[in-house]
Amino acid sequence: MKIIKEINRENLELVKKEILNDNLVIFPTETVYGIGANALKSEAVSKIFEVKTRALNNPLIVHLKSKDEISKYATILNLVEQKLIDSFMPGPFTIILKKKDIIPNCVSANLDTVGIRIPINKIAHEFLEYVDVPIAAPSANISSRPSGTKVEDIKDEFEGKVNYIIDGGESKIGLESTVVKVIDNVPTILRPGFITKEDIENVIGTCNVSPHVLSEIKDNTKAESPGMLYKHYAPRTKCLLVYSNNLDKLKTLVKENMTSKTIILASSRLENIDCYKYISYGNTLEEISHNIFSKLRECDKYNADLIIIEGVKKEGLGLAIMNRLIRTSNFNYKEL
Ligand code: TXA
Ligand code: MG
């Protein structure tokens, strides 16, 4: 595996060849690292599913170099879709559109829609522009593991399976893009992210959030976004997510559930609790979003038997953080 640190013509040529040979390349984006393949070739795309051990019914997002490309691969059906594209792309935003036939069915897991994203990260953009094919890419992690936000965290997972990783440093945002589908003319958030419900309301007026964002799907047929069905973002150690807006109650929740080998993964509000190990995940929502996946991976290094994670208010970027942490904890969640 070669880790590419410098974006120059020679290295871009290497990764372009790799993509055109139907192989995989890991690349940075502003959200998380992606593991990409030529979206127009089933043989290439099938390698993503294989290497990630990803369920075949979980569709992939197609990454494009610019907005002008969208109409080659998908149909924009209405003004709401157009306005979302104009307002939030390029950026940490994925729109689900009607798929054109040129995109193979394995990309969309046989749905008639396709997720389209245009990253704003400079290296991602240079990569997409140089390879000049649409790139299907999920987050760069083995399925069910925390998404990759820095190369050191993921390189071992893909050793021997992927030949090139483009190193772009730590992902700026740290959580995956907001996934939005327009249903009956109303934008509906299928997966929350850095672009919030409030941001979308400011542009369109209304925005719904899928009820499954914070709850477990009991009936598989009800999943608007198949990704919501699976265990996700999880370290190997068992997790408990706790939340209260009252600090005393929060501390009570932690103490009541703590074992002798518990890691507390939290803001500085909980740093003084006597425990096996305290790990800070930052204090603002932006810091937590940036750090969380890497810190979850770090927790596995301490041989603990439980990670108690401090939850946040489910508003703004907090909704995206809680969407991930609820799944990290496998719905093991207590609120006081
Ligand atoms: O920020 C991101 O979105 C990152 C970077 C690499 O771009 N990618 C990413 O991909 O998070 P992935 O595959 O880990 O998550 C894609 C999510 C899944 O929950 C999937 O079910 C949903 O988007 N999705 C993709 N295509 C869809 C479609 N046609 N309809 C509904 N949901 C879709
Ligand atoms: Mg993922």
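Look up: the structure comes first, before these words.
Right, let's walk through the structure included here. None of the values given here were measured: they were computed from a predicted structure.

**Section: the pairing of strand S3 (residues 34-38)**
And step 1. Within S3, 5 of the 5 residues are buried, leaving the element largely enclosed by the surrounding structure.
And step 2. The pairing of strand S2 (residues 25-27) with S3 spans 3 bridges and is antiparallel. Following the sheet pairing, Ile26 is matched in S3 by Ile35.
And step 3. Counting the residues between successive antiparallel strands, the hairpin from S2 to S3 contains 6 residues.
And step 4. Alignment of S3 against strand S8 (residues 135-136), held across 2 bridges, turns out to be antiparallel. Each bridged residue has a counterpart across the sheet, and for Ala37 the counterpart in S8 is Ala136.

**A short note on the environment of Gly148**
And step 1. Tracing the sequence through the fold places Gly148 in the loop between S8 and helix H6 (151-158).
And step 2. In sequence terms Gly148 and Tyr130 are 18 residues apart; their C-alpha atoms lie 23 Å from each other.
And step 3. Here Gly148 is in contact with Val32, Tyr33, Ala140, Asn141, Ile154 and Ser171, once residues within four sequence places are set aside.

**Some points on the sheet that holds strand S14 (residues 262-266)**
Paired through backbone hydrogen bonds, the strands of a sheet run either parallel or antiparallel to each other.
And step 1. Ordered by their spatial adjacency, 5 strands build an open sheet running S15-S14-S16-S13-S17, and the pairing between neighbours is parallel. A single partner strand is all that each edge strand has here, and the edge strands are strand S15 (277-280) and strand S17 (333-335). Taking the axes of each pair of neighbouring strands and ignoring which way they run, one obtains an average angle of 20° across the sheet.
And step 2. Alignment of S14 against strand S16 (residues 306-310), held across 4 bridges, turns out to be parallel. Residue Thr262 lies in a different strand from S16, and its bridge partner there is Leu306.

**What to know about the pattern of salt bridges**
And step 1. Tallying each qualifying case throughout the model produces 14 salt bridges.
And step 2. Here Lys5 and Asp167 are joined by a salt bridge, their closest N and O atoms 3.0 Å apart. Taken together, the residues span a long stretch of sequence, with Lys5 in the loop between strand S1 (2-4) and helix H1 (9-20) and Asp167 in the loop between strand S9 (164-166) and strand S10 (178-183) at a distance of 162 residues.
And step 3. Accessibility expressed as a relative area gives 63% for Lys5, which makes it exposed.
And step 4. A salt bridge links Arg269 to Glu310; the nearest nitrogen and oxygen atoms lie 3.1 Å apart. In this pair, Arg269 is assigned in the loop between S14 and S15 and Glu310 in strand S16, connecting sequence segments 41 residues apart.
And step 5. For Arg269, a relative accessible area of 35% puts it in the partly exposed group.
And step 6. Judged by its relative accessible area of 4%, Glu310 is buried.
And step 7. Members of the salt-bridge network, linked through shared partners, are Arg145, Glu157, Arg297 and Asp300.

**A closer look at the side chain of His63**
And step 1. On the secondary structure map, His63 appears in strand S4 (residues 61-63).
And step 2. Among the polar contacts made by the side chain of His63, one reaches the main-chain carbonyl oxygen of Ile61 at a distance of 3.3 Å.
And step 3. The residues touching His63, leaving out its near neighbours within four places in the chain, are Phe27, Arg117, Pro119, Leu128, Pro134, Ile135 and Ala137.

Conventions used here
Residues numbered from 1 in each chain as written. Chains lettered and ligands numbered in written order. Predicted model: local features only at pLDDT ≥ 70, side-chain atom pairs only at ≥ 80, totals over all residues. Heavy atoms only, no water. Buried < 20%, exposed > 50% of the residue type's maximum accessible area, 1.4 Å probe, protein only. Helix = DSSP H or I, 4+ residues; strand = E, 2+ residues; numbered from the N terminus. Pairing = 2+ DSSP bridges. Contact = heavy atoms within 4.5 Å. Axes fitted to C-alpha atoms, helices over the stretch in contact; angles between N-to-C directions. Salt bridge = Lys/Arg side-chain N within 4 Å of Asp/Glu carboxyl O. Polar contact = N/O pair within 3.5 Å; in protein donor to acceptor, adjacent residues only side chain to side chain.

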